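Next come the chains, spelled out residue by residue.
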Amino acid sequence: MTPRLLRTAVATALALGALGLTQPARATSSDGVHTVRVPDGDPHERSLAPRTSEPFSLIGITWNDPDAALNGTAQVRTRSRETGAWSAWRPLGTDVRTPETGPDRDRPGVRGSTQPLWTGPSDGFQVRVSGARLPAGLRVELVDPEAGSGAVHTAVVEPDDVAPDVAGPAAGPLAAERPAVTSRSAWGADESLVKDPPTLTGDTKAMFVHHTAGTNDYACSQSASIVRGVFLYHVQSNGWNDIGYHFLVDKCGTVFEGRAGGIDKPVLGAHAYGFNTATSSVSVLGDYSTAATSAAVRESVAKVAAWKLGLYGIDPAGTVVLTAGADNGKYKLGQKVTFNRISGHRDGYPTACPGQNLYDDLPEIRTLAANAGKPAEPAPESADPWAEDEGVLAR
């Protein structure tokens, strides 16, 4: 380094120090995700001081062992790119588990992780993690859904396309109208990142309702970016093959296609540890432990569930017995469990998801879904076919 560059580096370090910031952390980057290592050390407490970073809009923490749990708390503060203001400390959900089966578990590089948090456009962060015994290899994941390779492909299996060797489900007597769904190509999924073909299971028997947690402070015009951010986090940070959820719904009721393979197919997901097989999922963007749902959210979740279950002639207001595919902290491997056909994530796994408010809405959602599969009753006919016209003429 030349003397001039050395003086510049020292001056920059002093200036950042005066602002209480470290110099920009050395990060690794891949397709819109920058990672910053949290140094190992104290097995109970680890942190990173406030620092400038590459641009990001979603943040989370991962670690080496995909089967290790972070039995503690993880908190972050972030700095807005628009205002330069720092947020308050915000928690990251620690209830994520690596799927019990399928390519999301078997791929090399799968990592344990927290839930991601949508922050909006940001360029600085601070982290603190504490627990009984923290897992090794902690790193911060900074996701910029507006970056990436730009290799967005549109060769997606469309919902109405059926491969010659895959029989689609026959619509049953409870078939409901298919809701409008924003496709993967429309929200910008980079299909080059999905390395393995989707895994198909048996008939879809139940629908689990989730929330993404994090924040409700987003505009619905940002929803596609949030979905893209969750996709990048699940694939690039967790090491999964694809986004874990089958459908996502924003607070305005817009429905997004999640995992690839065809929304009308029984695609194996990564959403409910122990009960991923033969189930589907819909996750609402936001934290419904703190926010109330809107009528648009409840109606959209109900429409998705009614249509998906209706493909198999299933009454969405009914119940089903499922077999646990893993010891998940709530049920034992092989245990038979009775679920509502539309259940909350917490019904199958020890978590607060989908938040108390959304969970309390599930009875109404089941009723809406059940009604969605019923044929509309014809309007009553007037005894006198001329009465209505005469009434109009009289006015």
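What counts, and where the lines are drawn
- Residues numbered from 1 in each chain as written.
- Predicted model: local features only at pLDDT ≥ 70, side-chain atom pairs only at ≥ 80, totals over all residues.
- Heavy atoms only, no water.
- Helix = DSSP H or I, 4+ residues; strand = E, 2+ residues; numbered from the N terminus.
- Buried < 20%, exposed > 50% of the residue type's maximum accessible area, 1.4 Å probe, protein only.
- Pairing = 2+ DSSP bridges.
- Salt bridge = Lys/Arg side-chain N within 4 Å of Asp/Glu carboxyl O.
- Core = buried A, V, L, I, M, F, W, Y, C linked by side-chain atoms within 4.5 Å.
- Contact = heavy atoms within 4.5 Å.
- Expected span 1.5 Å × (residues − 1).
- Disulfide = S-S within 2.5 Å.

### A look at the overall build of the protein chain
For the protein chain, the count of helices and strands is eight helices and 15 strands. Taking all 395 residues of the protein chain together, the buried fraction comes to 50%.

### A few points about the pairing of strand S9 (residues 206-211)
Of all six residues making up S9, six are buried, and the element is well covered by its neighbours. Here S9 shows two buried faces, one formed by Ala 206, Phe 208 and His 210 and the other by Met 207, Val 209 and His 211. Where S9 meets strand S15 (residues 342-344), three bridges bridge the pair, whose relative direction is parallel. Looking at the pairing, Val 209 lines up with Gly 344 of S15.

### Overview of the pattern of salt bridges
This model, assessed by the stated rule, comprises 12 salt bridges. For Arg 259, the salt bridge identified is with Asp 104, shortest N-O distance 2.8 Å. A residue pair is termed long-range when its members are at least 10 positions apart, and Arg 259 in the loop between strand S11 (255-257) and strand S12 (279-284) and Asp 104 in helix H2 (residues 103-106) qualify at 155 residues. Each member of the pair, Arg 259 as well as Asp 104, is classed as buried. Look at the salt bridges and you will find they share partners, linking Arg 37, Asp 40 and Arg 46 into a network.

### Observations concerning unusual backbone geometry
In the segment running from Cys 353 into Pro 354, the intervening peptide bond is cis, with an omega of 15 degrees. Here Pro 354 shows up in the loop between S15 and helix H6 (356-360). The backbone phi angle of Ala 278 is positive, close to 65 degrees, even though this residue is not glycine. Residue classification places Ala 278 among the buried residues on the basis of a relative accessible area of 9%.

### Brief notes about the nonpolar core
Ranked by internal contacts, the top residues of the largest apolar core, which has 27 residues, are Val 209, Phe 247, Val 282, Val 301, Ile 342 and Ile 365. When residues of this core are traced back to their parent elements, those giving at least two are S9, strand S10 (247-249), S12, helix H5 (295-310) and helix H7 (362-372). Excluding anything up to four places from it in sequence, Phe 247 contacts Val 255, Phe 256, Gly 258, Ile 263, Ser 280, Ser 281, Val 282, Ser 283, Val 304, Trp 307 and Lys 308. Leu 193, Tyr 218, Val 230 and Ile 243 belong to the second-largest nonpolar core, a separate cluster that totals 21 residues.

### Side note on H5
In this model H5 runs 22 Å from its N-terminal to its C-terminal C-alpha over 16 residues, within 8% of the 22 Å that 1.5 Å per residue would give. Within H5, 12 of the 16 residues are buried, leaving the element largely enclosed by the surrounding structure. Among the residues of H5, Val 297, Arg 298, Ser 300, Val 301, Ala 302, Val 304, Ala 305, Ala 306, Trp 307, Lys 308, Leu 309 and Gly 310 are the ones counted as buried. Tucked inside the fold, the buried residues of H5 contact S9, S10, S11, S12, S15 and H7.

### So, the state of the cysteines
All chains considered together, the criterion is met by one disulfide. With a sulfur-sulfur separation of 2.1 Å, Cys 220 is cross-linked through a disulfide to Cys 252. One disulfide, between Cys 220 and Cys 252, carries an S-S torsion of 90 degrees and so falls in the right-handed class. Within this pair, whereas Cys 220 is found in the loop between S9 and helix H4 (223-237), its partner Cys 252 is found in the loop between S10 and S11, the two being separated by 32 residues in sequence. By relative accessible area, Cys 220 is classed as partly exposed at 24%.

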